[in-house]
Amino acid sequence: MSDQHSRPKFRWHIIVFLAPAVLVYTAVMIYPLFNTLRLSLFTEVDQERVFVGLQNFKTLFGETVWSNQFWNALGNNFWFFIIHMLVQNPIGVALAAILSHPKLRFASFYRSAIFIPTILSFVIVGFAWKLILSPIWGIAPGMLDAVGLKSLYAPWLGKEAYALTTLSLVSVWQFVGIPMMLIYAALLSIPDEILEAAEVEGITGLSAFWKIKLPLILPSIGIISILTFVANFNAFDLIYAAQGALAGPDYSTDILGTFMYRTFFGFQLQLGDPHMGSTIASAMFAIILVGVCLYLFGIQSRMRRYQF
């Protein structure tokens, strides 16, 4: 009798409450993921699905027609990510540091104004900036002319050398509010006792930020970095809205998302191939998985050494 009373009862209510969320997540995330991996192992011959193992991956990486497009899209994706890492996240950290200053007036208004573009639709942002930067009916030439800088204007979205960088900066403008808010929350969570002790030692202003605050928010910066990596290697909407499925000019803005879309669903005279499209999607998943694992088992473990 004592064993029965001491043995903890199984909490069935936990399963009851978790079951709906698990079922929905499985239906919209887990099942599509494994189905995509499964499709990448098949091909269609005479309207019949045939198992080919890793042959689709050999085609993707081995045949020039496919490999050239894949490596071009992958290189563009890395450039897209690098710009976000070097521009978006540092600006987000700087804005958070400025807006967290206790003597700054209208800080909540500034936070809201900076964060508003984040909730806008990709389609709205893509078409709006395409109109703004248009050399025919855009307002960018006139605005630069008003400040005497019209000579700097160029059809940035129409030049291969500038199109991807321009769209990357548009994406930075839209999403800089996310790292700003995350770092802002991390700065507010720093105990006042630490900052007061630093003031006693004469560490104030920028010195306090570099020596005290920055080491304490390194874990948050690491999380923002990996979120940026995942988001940029899943990017699709902005490129598609601004440059279309062909990601012009001459595929200079083509990333893995647009490459996978054209391959899977087809575009214009190109027929869709769900099996090769799934192969590209599986490669994207592998790249993201490797990046996340490197962060979790490499970078994050080192960041813990700097925590107080």
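Here we summarise the structure given alongside this text. All chains use their own residue numbering, which begins from 1 and follows the written sequence. Restriction of local features to residues with pLDDT of at least 70 applies here, the model being predicted, together with a cutoff of 80 or more for giving and counting side-chain atom pairs; totals for whole chains, interfaces and linings are based on all residues. By convention in this description, side-chain values take in all heavy atoms of the structure and omit both hydrogens and water.

This part takes up the overall build of the protein chain. Within the protein chain, the secondary structure is distributed over 14 helices and two strands. Projected onto its principal axes, the C-alpha coordinates of the protein chain cover approximately 90 × 75 × 30 Å. Each residue's exposure class comes from its accessible area (1.4 Å probe, protein chains only) as a fraction of the maximum for that residue type: buried when under 20%, exposed when over 50%, partly exposed otherwise. Buried residues in the protein chain amount to 35% of all 308 residues. Should any heavy atoms of two residues lie within 4.5 Å, those residues are counted as being in contact. Within the protein chain, contacts between residues at least 6 apart in sequence are counted, and of these 65% link residues at least 24 apart. Each helix is a run of H or I in the DSSP string that is no shorter than four residues. Each strand is a run of E no shorter than two, and both are numbered from the N terminus.

With that out of the way, let us pick up the packing of aromatic side chains. Between the rings of Phe, Tyr and Trp (Trp by its six-membered ring), a pair exists once the centres lie within 6.5 Å; its type follows the angle of the planes, with under 30 degrees stacked, over 60 edge-to-face, and the other angles tilted. Tallied over the entire structure, the rule returns 19 aromatic pairs. Note on Tyr261 and Phe265: the rings are 5.4 Å apart at their centroids and 45° apart in plane angle, and the pair reads as tilted. Linking Tyr261 with Phe265, this pair stays in helix H13 (residues 256-265), spanning four residues, or about one helical turn. Using a relative accessible area of 55% as the deciding quantity, one classes Phe265 as exposed. Aromatic ring contacts, followed pair by pair, group Phe236, Tyr240, Tyr261, Phe264 and Phe265 into a single cluster.

Before going further, it helps to examine the pattern of salt bridges. By definition, a salt bridge exists where a carboxyl oxygen of Asp or Glu is found within 4 Å of a side-chain nitrogen of Lys or Arg. Here the structure, examined in full by the defined rule, presents one salt bridge. Here Asp254 makes a salt bridge to Arg262, at a shortest N to O gap of 2.9 Å. Like Arg262, Asp254 is buried.

Another aspect to go through is a negative patch on the surface. A patch is a set of surface residues, each over 30% in relative accessible area and not in a salt bridge, joined within 9 Å for like charges and within 5 Å for the nonpolar side chains Val, Leu, Ile, Met, Phe, Trp and Tyr. The method behind every accessible area is Shrake-Rupley, applied with a 1.4 Å probe, and residues are considered shielded solely by the protein chains displayed. Charge counting treats Lys and Arg as positive and Asp and Glu as negative, with His and both chain ends excluded. Throughout, a charge is located at the NZ atom of Lys, the CZ atom of Arg, the CG atom of Asp or the CD atom of Glu. On the surface, Asp192, Glu193, Glu196 and Glu199 cluster together into a patch of negative charge. Examined against the element boundaries, Asp192 turns out to sit in helix H10 (residues 192-200).

This brings us to the nonpolar core. Residues enter a nonpolar core if they are buried and are Ala, Val, Leu, Ile, Met, Phe, Trp, Tyr or Cys, with the set joined through side-chain atoms within 4.5 Å. Counting 17 residues, the largest nonpolar core has Leu60, Trp66, Phe70, Phe233, Leu256, Phe259 and Ile280 as the members making the most contacts within it. Sorting elements by how many residues they give to this core places helix H14 (residues 274-303) first, with six residues. For Phe233, the residues in contact, after removing those within four places along its chain, are Leu74, Asn77, Phe78, Phe81, Leu256, Met284, Ile287 and Ile288. Of all hydrophobic cores here, the second largest spans 13 residues; its members include Ile190, Leu214, Ile217 and Ile224.

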